[in-house]
Amino acid sequence: MGKNGTDRASWLTFRAFFSTVNNEQLFNKGKVNVGRKIVFFDIDGTLLDEQKQLPLSTIEAVRRLKQSGVYVAIATGRAPFMFEHVRKQLGIDSFVSFNGQYVVFEGNVLYKQPLSREKVRALTEDAHRHGHPLVFMNADEMRASVDDHPHIHVSMASLKFAHPPIDPLYYENKDIYQALLFCRAEEEERYVRNYPEFRFVRWHDVSDRCVAGRGLEGGRHPHNDRKARDRCEGCVRVRRRIE
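Presented here is a report on the structure given in the accompanying data block. (Residues numbered from 1 in each chain as written. Predicted model: local features only at pLDDT ≥ 70, side-chain atom pairs only at ≥ 80, totals over all residues. Heavy atoms only, no water.)

1. Overview of the overall build of the chain
Right, on to step 1. Counting secondary structure elements, the chain contains eight helices and 12 strands.
Right, on to step 2. In the chain, which comprises 243 residues, the proportion classed as buried is 51%.
Right, on to step 3. Put simply, 59% of the contacts in the chain that link residues at least 6 apart link residues at least 24 apart.
Right, on to step 4. Counting every atom, the chain has about 12,100 Å² of accessible surface; 45% of that belongs to carbon and sulfur. (Helix = DSSP H or I, 4+ residues; strand = E, 2+ residues; numbered from the N terminus. Buried < 20%, exposed > 50% of the residue type's maximum accessible area, 1.4 Å probe, protein only. Contact = heavy atoms within 4.5 Å. Areas by Shrake-Rupley, 256 points an atom, 1.4 Å probe, with all protein chains shown as cover.)

What follows is the structure in C-alpha coordinates.
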(Lines give C-alpha, C1' and ligand atoms only; values in the text may rest on other atoms or scores of the structure.)
Protein backbone atom coordinates (compact mmCIF):
# COMPACT_ATOMS: atom_id res chain seq x y z
CA MET A 1 0.00 0.00 0.00
CA GLY A 2 1.06 3.64 -0.42
CA LYS A 3 2.67 5.54 2.40
CA ASN A 4 0.36 8.56 2.42
CA GLY A 5 -2.19 9.04 5.20
CA THR A 6 -5.25 8.29 3.09
CA ASP A 7 -3.92 4.95 1.87
CA ARG A 8 -2.77 3.90 5.32
CA ALA A 9 -6.07 4.88 6.96
CA SER A 10 -7.97 2.93 4.33
CA TRP A 11 -5.80 -0.14 4.76
CA LEU A 12 -6.07 -0.01 8.56
CA THR A 13 -9.85 0.18 8.26
CA PHE A 14 -9.90 -2.96 6.14
CA ARG A 15 -7.44 -4.70 8.45
CA ALA A 16 -9.78 -4.00 11.40
CA PHE A 17 -12.77 -5.45 9.58
CA PHE A 18 -10.77 -8.44 8.41
CA SER A 19 -9.59 -9.13 11.97
CA THR A 20 -13.16 -9.01 13.28
CA VAL A 21 -14.48 -11.40 10.64
CA ASN A 22 -11.44 -13.66 10.66
CA ASN A 23 -11.88 -14.36 14.37
CA GLU A 24 -15.65 -14.67 14.32
CA GLN A 25 -17.34 -18.04 14.86
CA LEU A 26 -20.53 -18.41 12.88
CA PHE A 27 -23.29 -20.46 14.43
CA ASN A 28 -25.70 -22.58 12.46
CA LYS A 29 -28.41 -24.56 14.28
CA GLY A 30 -26.41 -24.57 17.47
CA LYS A 31 -23.22 -25.87 15.89
CA VAL A 32 -20.10 -23.80 15.26
CA ASN A 33 -19.49 -23.21 11.58
CA VAL A 34 -15.97 -22.03 10.82
CA GLY A 35 -16.42 -22.20 7.06
CA ARG A 36 -15.99 -19.36 4.59
CA LYS A 37 -15.42 -15.92 6.08
CA ILE A 38 -17.52 -12.89 5.14
CA VAL A 39 -17.07 -9.16 5.62
CA PHE A 40 -19.74 -6.47 5.20
CA PHE A 41 -18.62 -2.94 4.32
CA ASP A 42 -20.48 0.31 4.78
CA ILE A 43 -20.28 2.89 2.01
CA ASP A 44 -19.77 6.34 3.49
CA GLY A 45 -16.57 6.78 5.44
CA THR A 46 -15.48 3.20 4.74
CA LEU A 47 -15.43 2.34 1.04
CA LEU A 48 -15.77 5.99 0.05
CA ASP A 49 -13.59 8.77 1.43
CA GLU A 50 -14.77 12.18 2.67
CA GLN A 51 -15.02 13.41 -0.92
CA LYS A 52 -17.26 10.41 -1.77
CA GLN A 53 -14.52 8.99 -3.97
CA LEU A 54 -13.35 5.37 -4.12
CA PRO A 55 -9.59 5.39 -3.39
CA LEU A 56 -7.26 3.10 -5.28
CA SER A 57 -6.09 1.81 -1.90
CA THR A 58 -9.63 0.64 -1.16
CA ILE A 59 -9.86 -1.18 -4.50
CA GLU A 60 -6.57 -2.91 -3.76
CA ALA A 61 -7.59 -3.84 -0.21
CA VAL A 62 -10.84 -5.43 -1.42
CA ARG A 63 -8.90 -7.32 -4.09
CA ARG A 64 -6.59 -8.70 -1.41
CA LEU A 65 -9.49 -9.78 0.77
CA LYS A 66 -11.07 -11.67 -2.12
CA GLN A 67 -7.74 -13.21 -2.99
CA SER A 68 -7.50 -14.43 0.62
CA GLY A 69 -10.85 -16.23 0.24
CA VAL A 70 -12.96 -13.72 2.17
CA TYR A 71 -16.48 -13.15 0.79
CA VAL A 72 -17.04 -9.40 0.42
CA ALA A 73 -20.47 -7.77 0.63
CA ILE A 74 -21.91 -4.30 1.31
CA ALA A 75 -24.30 -3.25 4.09
CA THR A 76 -25.63 0.30 3.93
CA GLY A 77 -28.59 2.59 4.40
CA ARG A 78 -28.24 3.76 0.83
CA ALA A 79 -30.44 2.70 -2.09
CA PRO A 80 -28.86 0.23 -4.57
CA PHE A 81 -28.77 2.78 -7.41
CA MET A 82 -26.75 5.12 -5.16
CA PHE A 83 -23.77 2.76 -4.93
CA GLU A 84 -23.99 0.80 -8.18
CA HIS A 85 -20.76 2.39 -9.43
CA VAL A 86 -18.98 1.26 -6.24
CA ARG A 87 -20.20 -2.33 -6.63
CA LYS A 88 -19.13 -2.45 -10.26
CA GLN A 89 -15.65 -1.09 -9.57
CA LEU A 90 -15.14 -3.53 -6.69
CA GLY A 91 -16.86 -6.51 -8.31
CA ILE A 92 -19.31 -6.92 -5.41
CA ASP A 93 -22.63 -8.62 -6.26
CA SER A 94 -24.11 -9.12 -2.77
CA PHE A 95 -25.43 -6.35 -0.55
CA VAL A 96 -27.83 -5.33 2.20
CA SER A 97 -29.39 -1.94 1.36
CA PHE A 98 -31.99 0.44 2.76
CA ASN A 99 -30.93 -0.50 6.31
CA GLY A 100 -31.98 -4.10 5.70
CA GLN A 101 -35.11 -3.62 3.57
CA TYR A 102 -33.66 -4.86 0.26
CA VAL A 103 -31.12 -7.69 0.15
CA VAL A 104 -29.35 -9.05 -2.95
CA PHE A 105 -27.12 -12.11 -3.15
CA GLU A 106 -24.95 -12.48 -6.24
CA GLY A 107 -27.28 -10.39 -8.35
CA ASN A 108 -30.54 -12.00 -7.20
CA VAL A 109 -33.02 -10.39 -4.80
CA LEU A 110 -32.98 -12.46 -1.63
CA TYR A 111 -35.32 -10.39 0.54
CA LYS A 112 -37.35 -7.20 0.21
CA GLN A 113 -39.76 -5.34 2.42
CA PRO A 114 -41.40 -2.27 0.90
CA LEU A 115 -43.12 0.32 3.05
CA SER A 116 -46.89 0.16 3.40
CA ARG A 117 -48.37 2.27 0.61
CA GLU A 118 -51.24 3.33 2.88
CA LYS A 119 -48.86 4.43 5.63
CA VAL A 120 -46.60 6.28 3.20
CA ARG A 121 -49.63 8.14 1.90
CA ALA A 122 -50.66 9.12 5.45
CA LEU A 123 -47.12 10.19 6.34
CA THR A 124 -46.80 12.26 3.16
CA GLU A 125 -50.06 14.10 3.75
CA ASP A 126 -49.18 14.72 7.39
CA ALA A 127 -45.65 15.91 6.58
CA HIS A 128 -46.87 18.30 3.89
CA ARG A 129 -49.31 19.88 6.32
CA HIS A 130 -46.30 20.72 8.48
CA GLY A 131 -44.12 21.90 5.62
CA HIS A 132 -41.88 18.83 5.54
CA PRO A 133 -41.16 17.33 2.09
CA LEU A 134 -40.14 13.74 1.34
CA VAL A 135 -38.06 11.82 -1.16
CA PHE A 136 -39.34 8.36 -2.13
CA MET A 137 -36.82 5.66 -3.02
CA ASN A 138 -36.96 2.26 -4.66
CA ALA A 139 -34.06 0.11 -5.83
CA ASP A 140 -33.65 1.98 -9.13
CA GLU A 141 -34.46 5.65 -8.61
CA MET A 142 -35.87 8.37 -6.36
CA ARG A 143 -38.50 11.09 -6.64
CA ALA A 144 -39.27 14.15 -4.51
CA SER A 145 -42.69 15.13 -3.22
CA VAL A 146 -41.99 18.83 -3.88
CA ASP A 147 -39.90 20.83 -6.31
CA ASP A 148 -36.71 22.74 -5.43
CA HIS A 149 -36.61 22.48 -1.63
CA PRO A 150 -33.44 23.74 0.15
CA HIS A 151 -33.31 20.84 2.64
CA ILE A 152 -33.42 18.33 -0.19
CA HIS A 153 -30.73 20.21 -2.07
CA VAL A 154 -28.29 20.39 0.84
CA SER A 155 -28.71 16.81 2.05
CA MET A 156 -28.54 15.25 -1.43
CA ALA A 157 -25.49 17.36 -2.22
CA SER A 158 -23.71 15.83 0.78
CA LEU A 159 -23.96 12.49 -1.06
CA LYS A 160 -23.02 14.05 -4.42
CA PHE A 161 -26.55 13.70 -5.80
CA ALA A 162 -28.83 16.34 -7.30
CA HIS A 163 -32.33 17.23 -6.17
CA PRO A 164 -34.55 14.40 -7.53
CA PRO A 165 -37.31 15.05 -10.07
CA ILE A 166 -40.71 15.78 -8.58
CA ASP A 167 -43.48 13.17 -8.44
CA PRO A 168 -45.68 13.69 -5.36
CA LEU A 169 -47.63 10.46 -5.99
CA TYR A 170 -44.66 8.27 -6.91
CA TYR A 171 -45.44 5.86 -4.04
CA GLU A 172 -48.86 5.06 -5.49
CA ASN A 173 -47.44 2.97 -8.35
CA LYS A 174 -43.99 1.96 -7.12
CA ASP A 175 -42.68 -0.12 -4.23
CA ILE A 176 -40.95 2.24 -1.81
CA TYR A 177 -38.25 0.77 0.42
CA GLN A 178 -37.18 4.00 2.05
CA ALA A 179 -38.54 7.52 2.33
CA LEU A 180 -36.45 10.51 3.34
CA LEU A 181 -38.34 12.90 5.60
CA PHE A 182 -36.93 16.42 5.68
CA CYS A 183 -37.26 18.03 9.07
CA ARG A 184 -34.95 19.01 11.91
CA ALA A 185 -34.29 16.74 14.90
CA GLU A 186 -36.58 18.72 17.21
CA GLU A 187 -39.44 18.27 14.73
CA GLU A 188 -39.27 14.50 14.30
CA GLU A 189 -40.86 13.40 17.58
CA ARG A 190 -44.42 13.72 16.32
CA TYR A 191 -43.64 11.36 13.43
CA VAL A 192 -41.93 8.83 15.66
CA ARG A 193 -44.96 8.90 17.96
CA ASN A 194 -47.66 8.80 15.26
CA TYR A 195 -46.08 6.24 12.92
CA PRO A 196 -44.87 3.27 15.01
CA GLU A 197 -44.81 1.11 11.87
CA PHE A 198 -41.77 3.08 10.70
CA ARG A 199 -38.33 3.62 12.12
CA PHE A 200 -36.88 7.09 11.72
CA VAL A 201 -33.10 7.15 11.34
CA ARG A 202 -31.41 10.55 11.38
CA TRP A 203 -28.69 10.69 8.74
CA HIS A 204 -28.44 14.45 8.17
CA ASP A 205 -29.14 17.62 10.16
CA VAL A 206 -32.30 18.16 8.12
CA SER A 207 -33.37 14.62 7.24
CA ASP A 208 -34.46 11.23 8.57
CA ARG A 209 -34.48 7.91 6.78
CA CYS A 210 -37.89 6.27 7.16
CA VAL A 211 -37.82 2.46 6.94
CA ALA A 212 -40.11 -0.37 7.96
CA GLY A 213 -40.07 -1.21 11.66
CA ARG A 214 -38.59 -4.65 11.06
CA GLY A 215 -35.41 -3.21 9.63
CA LEU A 216 -32.07 -3.10 11.40
CA GLU A 217 -31.76 -2.17 15.04
CA GLY A 218 -30.22 0.94 16.44
CA GLY A 219 -30.63 3.33 13.52
CA ARG A 220 -27.61 2.49 11.37
CA HIS A 221 -26.18 -0.71 10.06
CA PRO A 222 -24.23 -2.36 12.93
CA HIS A 223 -21.85 -4.37 10.76
CA ASN A 224 -18.86 -3.41 12.90
CA ASP A 225 -20.50 -4.91 16.00
CA ARG A 226 -20.50 -8.73 15.95
CA LYS A 227 -23.51 -9.29 18.23
CA ALA A 228 -25.60 -6.65 16.46
CA ARG A 229 -24.55 -7.99 13.06
CA ASP A 230 -25.71 -11.45 14.06
CA ARG A 231 -29.20 -9.97 14.65
CA CYS A 232 -29.32 -8.28 11.24
CA GLU A 233 -31.75 -10.29 9.12
CA GLY A 234 -30.22 -9.09 5.86
CA CYS A 235 -26.67 -10.02 6.88
CA VAL A 236 -27.82 -13.38 8.22
CA ARG A 237 -29.55 -14.20 4.93
CA VAL A 238 -26.43 -13.39 2.89
CA ARG A 239 -24.17 -15.23 5.34
CA ARG A 240 -26.25 -18.38 5.20
CA ARG A 241 -25.85 -18.51 1.42
CA ILE A 242 -22.07 -18.82 1.64
CA GLU A 243 -21.88 -21.22 4.60
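2. Examining the packing of aromatic side chains
Right, on to step 1. Summed over the entire model, instances satisfying the criterion amount to eight aromatic pairs.
Right, on to step 2. Taken together, a centroid distance of 6.4 Å and an interplanar angle of 90° make the contact between Phe81 and Phe161 edge-to-face. With a gap of 80 residues between them, Phe81 in the loop between strand E4 (71-75) and helix H3 (84-90) and Phe161 in the loop between helix H5 (150-157) and strand E10 (178-181) connect regions that are remote in the sequence.
Right, on to step 3. Judged by relative accessible area, which is 25%, Phe161 ranks as partly exposed.
Right, on to step 4. By the ring-pair criterion, three or more aromatic residues cluster together here, those being Phe98, Tyr102 and Tyr177.
Right, on to step 5. Taking NZ or CZ as reference, Arg190 lies 5.3 Å from the ring centre of Tyr191, over its face. (Phe/Tyr/Trp six-rings, centres within 6.5 Å; stacked < 30°, edge-to-face > 60°. Lys NZ or Arg CZ within 6 Å of the ring centre and 35° of its normal.)

3. Some points on the sheet that holds E10
Pairing between sheet strands relies on hydrogen bonds along the backbone, with the strands arranged either parallel or antiparallel.
Right, on to step 1. Taken in spatial order, the five strands of this open sheet run E9-E8-E10-E12-E11, and their pairing is antiparallel. In this open sheet, the two edge strands, each paired with only one partner strand, are strand E9 (142-144) and strand E11 (198-204). Strand-to-strand twist of the sheet, defined as the mean angle between neighbouring strand axes without regard to direction, takes the value 25°.
Right, on to step 2. Pairing of strand E8 (residues 134-137) with E9, which is carried by three bridges, proceeds in the antiparallel orientation. Residue pairing for E9: Phe136 is matched across the bridge by Arg143. (Pairing = 2+ DSSP bridges. Axes fitted to C-alpha atoms, helices over the stretch in contact; angles between N-to-C directions.)

4. As for the sheet that holds strand E7 (residues 108-112)
Right, on to step 1. Strand order in the open sheet made by the five strands is E3-E4-E5-E6-E7, with mixed pairing throughout. If you trace the sheet from one side to the other, it starts and ends with strand E3 (38-41) and E7, each paired once. Sheet twist, expressed as the average angle between the axes of neighbouring strands with direction ignored, equals 20°.
Right, on to step 2. Here E3 pairs with E4 via four bridges, running parallel. Paired with Ile38 across the two strands is Tyr71, which belongs to E4.

5. Regarding helix H4 (residues 117-129)
Right, on to step 1. If you check H4, its first and last C-alpha atoms are 19 Å apart, about what 13 residues at 1.5 Å a residue would give, namely 18 Å.
Right, on to step 2. Val120, Leu123, Thr124, Asp126 and Ala127 are the residues of H4 that are buried.
Right, on to step 3. Contact partners of the buried residues in H4: E8, E10, helix H6 (189-194), E11 and strand E12 (207-212). (Expected span 1.5 Å × (residues − 1).)

6. Observations concerning the pairing of E11
Right, on to step 1. Of all the seven residues making up E11, six are buried; the element is thus mostly covered by neighbouring parts of the structure.
Right, on to step 2. Sheet topology note: the E11/E12 ladder contains six bridges and is antiparallel. Across the sheet, residue Arg199 finds its bridge partner in E12, namely Val211.
Right, on to step 3. From the end of E11 to the start of E12, which pair antiparallel, there are two residues.

7. Examining the pairing of E4
Right, on to step 1. Most of E4 sits inside the fold, with five of its five residues counted as buried.
Right, on to step 2. Burial along E4 is two-sided: the residues Tyr71, Ala73 and Ala75 and Val72 and Ile74 are all buried.
Right, on to step 3. Between the parallel pair E3 and E4, the chain is carried across by helix H2 (residues 56-67), and the sense of this crossover is right-handed.
Right, on to step 4. Across two bridges, E4 lies against strand E5 (residues 95-97) in parallel orientation. Counted as the bridge partner of Ala75 is Val96 from E5.
Right, on to step 5. Remark: the E4/H3/E5 crossover connection has right-handed handedness. (Right-handed = clockwise from strand over helix to strand, strands pointing away.)

8. Some thoughts on the nonpolar core
Right, on to step 1. Counting residues in hydrophobic clusters, the biggest one holds 34 residues, and the most contacted among them are Leu47, Val135 and Met137.
Right, on to step 2. Contributing elements (two or more residues each) for this core: E3, H2, E4, H3, strand E6 (102-105), E8, E9 and H5.
Right, on to step 3. Once you skip the residues sitting within four places of it in the chain, Val135 turns out to touch Met142, Arg143, Ala144, Ile152, Pro164, Gln178, Ala179, Leu180 and Phe182.
Right, on to step 4. Core analysis: the next-biggest nonpolar cluster, separate from the first, contains 18 residues, Leu134, Tyr191, Phe200 and Ala212 among them. (Core = buried A, V, L, I, M, F, W, Y, C linked by side-chain atoms within 4.5 Å.)

Any link to function would need more than the numbers given here.
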